[in-house]
Amino acid sequence: MKMRKLFAGIAAAATLLGGMALGATSAQADEPQATTPLLQVNNAQADHTYMPHMFATFANAGNGTVEVDTVAAWKDAVAKAADAADNATANSVPAECANNPAAYVATFNAEQLRKFAEELAKTNPLPTVDGAGLTVTADQAGATQPVAVNGEGWYLVTDAYDGKTGTPAVVATTVSNLTNLTIKADTVTGQGNITTVGKFNAKNENPLTPPVKTAKVGTADVNGQTVNVGDTVNFTVSATVPQSAANYDSYPFTITDTASKGLQVAQPAEFTVQKKTGQTGTLETVDSSLYNVTQTGAATEATGTTTTITFADAKSLAGKTIVVSYTGTVTKDALTDLGGSVNNKATVKTNGGASGEGKTESKTYGFQFKKIGVDNDANALAGAKFVVKKDGKYLNQANNGAWSLVENQDEATVFTSADETGLVQLKGLAAGTYTVKETAAPNGYAQNFKVTFDVAIAQDGKITFEQDALNQVTPSNNGKTDATATVKNVKSITQLPLTGAAGTTLFTVVALLVAGAGVTVAVKSRQRMH
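Since this is a predicted model, take the numbers as computed values, not measurements.

Rules used in this analysis
Residues numbered from 1 in each chain as written. Predicted model: local features only at pLDDT ≥ 70, side-chain atom pairs only at ≥ 80, totals over all residues. Heavy atoms only, no water. Helix = DSSP H or I, 4+ residues; strand = E, 2+ residues; numbered from the N terminus. Buried < 20%, exposed > 50% of the residue type's maximum accessible area, 1.4 Å probe, protein only. Lys, Arg positive; Asp, Glu negative; His and termini not counted. Salt bridge = Lys/Arg side-chain N within 4 Å of Asp/Glu carboxyl O. Polar contact = N/O pair within 3.5 Å; in protein donor to acceptor, adjacent residues only side chain to side chain. Contact = heavy atoms within 4.5 Å. Pairing = 2+ DSSP bridges.

Visitor: Quick question: what am I supposed to make of the side chain of Lys 390 here?
Guide: With respect to the secondary-structure elements, Lys 390 resides in strand β28 (residues 385–390). There is no salt bridge for the buried Lys 390, and the closest opposite charge comes from Asp 391, which lies 4.7 Å off by N-O distance. Here Ala 431 takes part through its backbone oxygen, which lies 3.2 Å from a polar atom of the side chain of Lys 390. For Lys 390, the residues in contact, after removing those within four places along its chain, are Leu 395, Leu 405, Ala 430, Ala 431, Gly 432, Thr 433 and Tyr 434.

This is the structure we're talking about:
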């Protein structure tokens, strides 16, 4: 057999992308196939550069055959890749093809061609570049675009983007004297809509676009912001099914969403799965028979909760954006010391690989202060009672650590300074300004000098204690994330100067008032005597 003269149905149309082989058959078409451009990429990807490397030429096409000649500079690389593809350690190329290994490659089956493409693309350096190729702009993305080549032949087309290497393609160009050639494609591997030589489908699954995540409490975006323990967060995961999914007989598509410890995620039945076209399309319900939702883990576990939304076949959703919505409640399991964080990560996986992560993260904080006496009583005090307000309402804390706001003080949670330490702690709070109001002083201490002061928590966790009117609050590391404070109580008015400047001023004013009253009494007494 003359190995360099092959049936066009094998050689001219042996096309492969990312391990996807095309078989071809010679058949009569209703209309002649266009001969220009010689090579095109369907579903071209933005910012990708497709560069052509001719490793074999075509010649003497006609009568259903074409001659395939290995380009001299590529002979060793083609032979080496053919050896690897044929599962041989060396010398698998027959002797009659020793000087033309591409002719041997044209006899490969689909599996061998997949391996050949992978191995050929590893050649370093690639011997030649034969044509201007194509760099895809945003306006060209998603469409069929020509790849500029030097002539008819068999090409390795490399794919580069953002300093990375994408999936290569081995593609035969159109052949001018074989305009009646059509392709019978391997539909399982994603090239099913190819009907002529000179075309291939770009695999934008490599890399897959990471899903987009949102996290909101009500209408407020809390991604990168703060939350309270007890807040219910509305999460969404938006993932686009590649347009190339339509080229497959079956296209599996899986969204994996992992919520961290401290996020009590809704049950699978409460997840909503919708679809839309583009970013602004109208949301529509996805047929529940297309997917399955499963879940493992729990908010109490170190690895959190993982929910998987599996589409056995998402071909009918090609080009659509899938939007998964669900709720998660922040629990006290998220706390480490006064604060903590909760995050939520999502990835997409198809037969083209896995995407990067889409992620949301929210912080939660808290504050603490220590109740003490003054002078000889400057030790920790137990039994002081406090309520806390925010936005004009009182804080209430449930047994599970969840916070809520109530209208009336008698519904508020009362916080009591602890035995021995005098410590009062509030954990798992969102950013904001909180007003601490002492409602009862410890036993033996003045009830008419109870303290009221403000504490501000910033979005970055920095805490600022505001001074009270009697200067009974003494901050430490004020304006930093580890800020704390001591809050003093006095037994009588005579101890107020010991609390600081404001106490001294108040004491002085009181003393002057007392002195003034004494002078007034003396004057009136003198008047009576006269």
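Right, picking up where we left off after that structure.
Visitor: Explanation requested: the pairing of strand β23 (residues 320–330) in the structure shown.
Guide: Here strand β16 (residues 232–240) runs beside β23; their pairing, made up of nine bridges, is antiparallel. Bridging from a neighbouring strand, Val 233 pairs with Gly 328 of β23. Sheet topology places strand β18 (residues 263–265) next to β23; three bridges connect them, and they run antiparallel. From the neighbouring strand, Leu 263 faces β23, where its bridge partner is Val 330. Note: strand β19 (residues 272–277) against β23, six bridges, orientation antiparallel. Residue pairing across strands places Lys 276 opposite Thr 321, the latter belonging to β23.

Visitor: What am I meant to see in the pattern of salt bridges here?
Guide: For side chains of opposite charge, pairing can occur when their charged atoms come near one another. With the rule as written, the count across this model stands at eight salt bridges. Of the charged contacts, one joins Glu 119 and Lys 115 as a salt bridge, the two residues approaching to 3.3 Å between their closest N and O atoms. One end of the pair, Glu 119, and the other, Lys 115, are both in helix α3 (residues 110–120), four residues apart, so they sit about a helical turn from each other. Salt-bridge contacts for Glu 438 lead to Lys 371; the nearest nitrogen and oxygen are separated by 3.2 Å. Here Glu 438 is found in strand β33 (residues 432–440), whereas its partner Lys 371 is found in strand β27 (residues 358–372), with 67 residues between them in sequence. The pair Glu 438 / Lys 371 is uniform in exposure class, with both members buried. Here the residues in one salt-bridge network are Lys 115, Glu 119 and Lys 122, joined through shared partners.

Visitor: What should I look at first to understand the side chain of His 53 in this one?
Guide: Here His 53 is to be found in strand β5 (residues 49–62). Of note is the side chain of His 53, whose polar atom sits 3.3 Å from the side chain of Thr 158. Each residue touching His 53, except ones within four places of it in the same chain, is listed here: Trp 74, Leu 126, Thr 128, Val 129, Asp 130, Trp 154, Tyr 155, Leu 156 and Thr 158.

Visitor: Would you mind going over the pairing of strand β25 (residues 339–350) with me for this structure?
Guide: Consecutive residues of a regular strand have side chains that alternate between opposite faces of the sheet. Inspection of the sheet shows strand β17 (residues 253–259) paired to β25 by seven bridges, in the antiparallel sense. Residue pairing for β25: Thr 254 is matched across the bridge by Lys 349. As judged from the two bridges shared by strand β24 (residues 335–336) and β25, these two strands associate in the antiparallel manner. Looking at the pairing, Thr 336 lines up with Gly 339 of β25. For β25 and β27, the ladder comprises seven bridges, and the chain directions are antiparallel. If you follow Val 342 over to β27, its bridge partner there is Ser 362. Two elements, β25 and strand β26 (residues 353–354), share two bridges in a ladder whose sense is antiparallel. Directly across from Lys 349, in β26, lies its bridge partner Ala 354.

On their own, these measurements won't tell you what the molecule is for.
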